Each structure stands twice: as structure tokens, then as C-alpha cells.
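# Structural description and commentary
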Amino acid sequence: PEFGVDEEVDPITVSAVRGLVDRRSRVADLPITVALRGFRLVTVDGERNAALALLRSMICQLAVLHGPDCLVITAVVTPKTESEWDWLKWLPHYRPAPGGPDTRHTVVLVDGGTAPADVLDNASVTVVELDGTSGGALALRVDDDRVMATSRLETSCAQPDSLSRVEATGCARRLARHRVADAA
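These remarks concern the structure in this document.

About the cut-offs
- Residues numbered from 1 in each chain as written.
- Predicted model: local features only at pLDDT ≥ 70, side-chain atom pairs only at ≥ 80, totals over all residues.
- Heavy atoms only, no water.
- Salt bridge = Lys/Arg side-chain N within 4 Å of Asp/Glu carboxyl O.
- Helix = DSSP H or I, 4+ residues; strand = E, 2+ residues; numbered from the N terminus.
- Buried < 20%, exposed > 50% of the residue type's maximum accessible area, 1.4 Å probe, protein only.
- Pairing = 2+ DSSP bridges.
- Polar contact = N/O pair within 3.5 Å; in protein donor to acceptor, adjacent residues only side chain to side chain.
- Contact = heavy atoms within 4.5 Å.
- 1 Å grid on protein atoms, 1.4 Å probe; cavity = no way out; pocket = protein on both sides within 12 Å on 5 of 7 lines; lining within 4 Å.
- Points joined across faces, edges and corners; volume = space filled by probe spheres on them.
- Nonpolar A, V, L, I, M, F, W, Y, C, P; charged D, E, K, R; others polar.

Applying the stated criterion to the full structure yields 7 salt bridges. The salt bridge partner of Arg141 is Asp45, with a shortest N-O separation of 3.3 Å. Highlighted residues: Arg141 in strand E5 (residues 138–143) and Asp45 in strand E1 (residues 41–46), separated in sequence by 96 residues. In this structure Asp45 comes out as partly exposed when scored by relative accessible area, which is 25%. Between Asp111 and Arg48 there is a salt bridge, with its nearest N and O atoms 2.8 Å apart. Placement of Asp111 in strand E3 (residues 105–111) and of Arg48 in helix H2 (residues 48–65) is noted, with a sequence separation of 63 residues between them. Residue classification places Asp111 among the buried residues on the basis of a relative accessible area of 2%. Bridged by salt links that share partners, the residues Arg48, Asp111 and Asp131 form one connected network.

Attention now goes to the pairing of E5. A regular strand places its side chains on the two faces of the sheet in alternate fashion. Only one face of E5 is buried: it carries Leu138, Leu140 and Val142, and the other face, with Ala139, Arg141 and Asp143, is open. In the sheet, E1 pairs with E5 via 5 bridges, with the strands oriented parallel. The residue bridging Asp45 from the neighbouring strand is Arg141, located in E5. Sheet topology places E5 next to strand E6 (residues 146–151); 6 bridges connect them, and they run antiparallel. Note that in E6 the partner of Asp143 across the bridge is Arg146.

Moving on, we come to the side chain of Arg56. Mapped onto the fold, Arg56 is located in helix H2. Within the local environment of Arg56, its side chain forms a polar contact with the side chain of Glu84, the two groups lying 2.4 Å apart. Ignoring sequence-local partners within four residues, the contact set of Arg56 consists of Glu84, Trp85, Trp87, Leu163, Ser164, Arg165 and Ala168.

Glancing now at the layout of surface pockets. Counted as a void, the largest pocket has a volume near 790 Å³. In this structure, the largest pocket is lined by 27 residues; those nearest its centre are Ile32, Thr33, Val34, Met58 and Gln61. Looking at the lining of the largest pocket, the element that brings in the most residues is H2, giving 6 residues. A breakdown of the residues in the lining of the largest pocket according to their chemical character gives 18 nonpolar, 6 polar and 3 charged. Of the volumes computed, that of the second largest pocket is approximately 250 Å³. Contributing to the lining of the second largest pocket are 14 residues, with Thr33, Phe39, Leu138, Ser151 and Glu154 lying nearest its centre. Of all the secondary structure elements, the ones that give two or more residues to the lining of the second largest pocket are E6 and strand E7 (155–158). Residue contributions to the lining of the second largest pocket peak at 3 residues, all from E6.

Below, the structure is given as C-alpha cells:
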């Protein structure tokens, strides 16, 4: 806050108010959100284990907070990286291969593979590329204790969420029974 002329203010009160505002203007450990629909390409790089833990956490949060009738999750992986993403099969949102018309928002995880060109041109698709060099509209750089998110408009730094493969599998298996019924 702005204070008046020095003769009109009590220095003790001014100091106390400034200290109060400084302490109360920041809240520690608040989550930051990423509006994935606002980005067609998100790249995640940095320390691989930390990036994997962050992506597992992001995918589980997406699956918990958005039903399979609203969201599709798919992955493009290589034989070398496919065991890392085997747990995705339990998610009711999971579809083994991207493509085909769909009214739901689709998140395509790319780890070592290449997303089909038609997927990249689809406005209802967000591609999340691990170790991406494409320079997405949102770039996440991860290490063990922080993630730096850079977009066209801003850069922010936060402590990353993380899930182990076992924790992600547990989350996915708990959600597995919530599959959308097939229209027959």
C-alpha cells in the first residue's frame, strides 16, 4: 500500500503493515494449473525420472478430474519406452492409438515415438512430448525439486507433483471400473 508524506505516518505502523502485506501476499505450496486445451503441443524435458514422475502425476490428475466421456488419453511410445507407460491400459480414458474422429479432448503422450501428422493438426488434441525438442507453446523443464513452465506469455517456477509407476498403476486400477458403456 501507498503511504502518505513521511511526517504523517508512524514508522512502526508502516513497517508492520509492509511486513504483514509481504508475508500474506504469497501462499506457499499452492498448485499451479495448466489449461491443456489452450496448447496443442506441450514439451517436457529435463531430468528423465523427474519428468516421468511429473507426467504420471499430470495424467492421473487429468483422469481423476475428467471422466472418460470427456477425455481420451493415448500414447505413442517405442519398444524401449513402452514398459514405462504400461499402466495406462488400466485407465478408462485410454485408447491404444491416436486417431479417428472424436468429440472428446484427446491428450497424446509421446515418449520416443512420433505423433501422426493428422493428430498434430486436430484442434481437440494436445500432444505432450517427453524430451521434446519441438519447442511447444508450453515448455516444462523438470528436475527433482522444481519445474519451470515457459509459455508465450510468462515463465513460472513451482515444485513438481510426482507419482511413482506403482502409485500411477494404483490410481489407474482404481479408476478402471469407470469405463464408458459402449453404445450397441
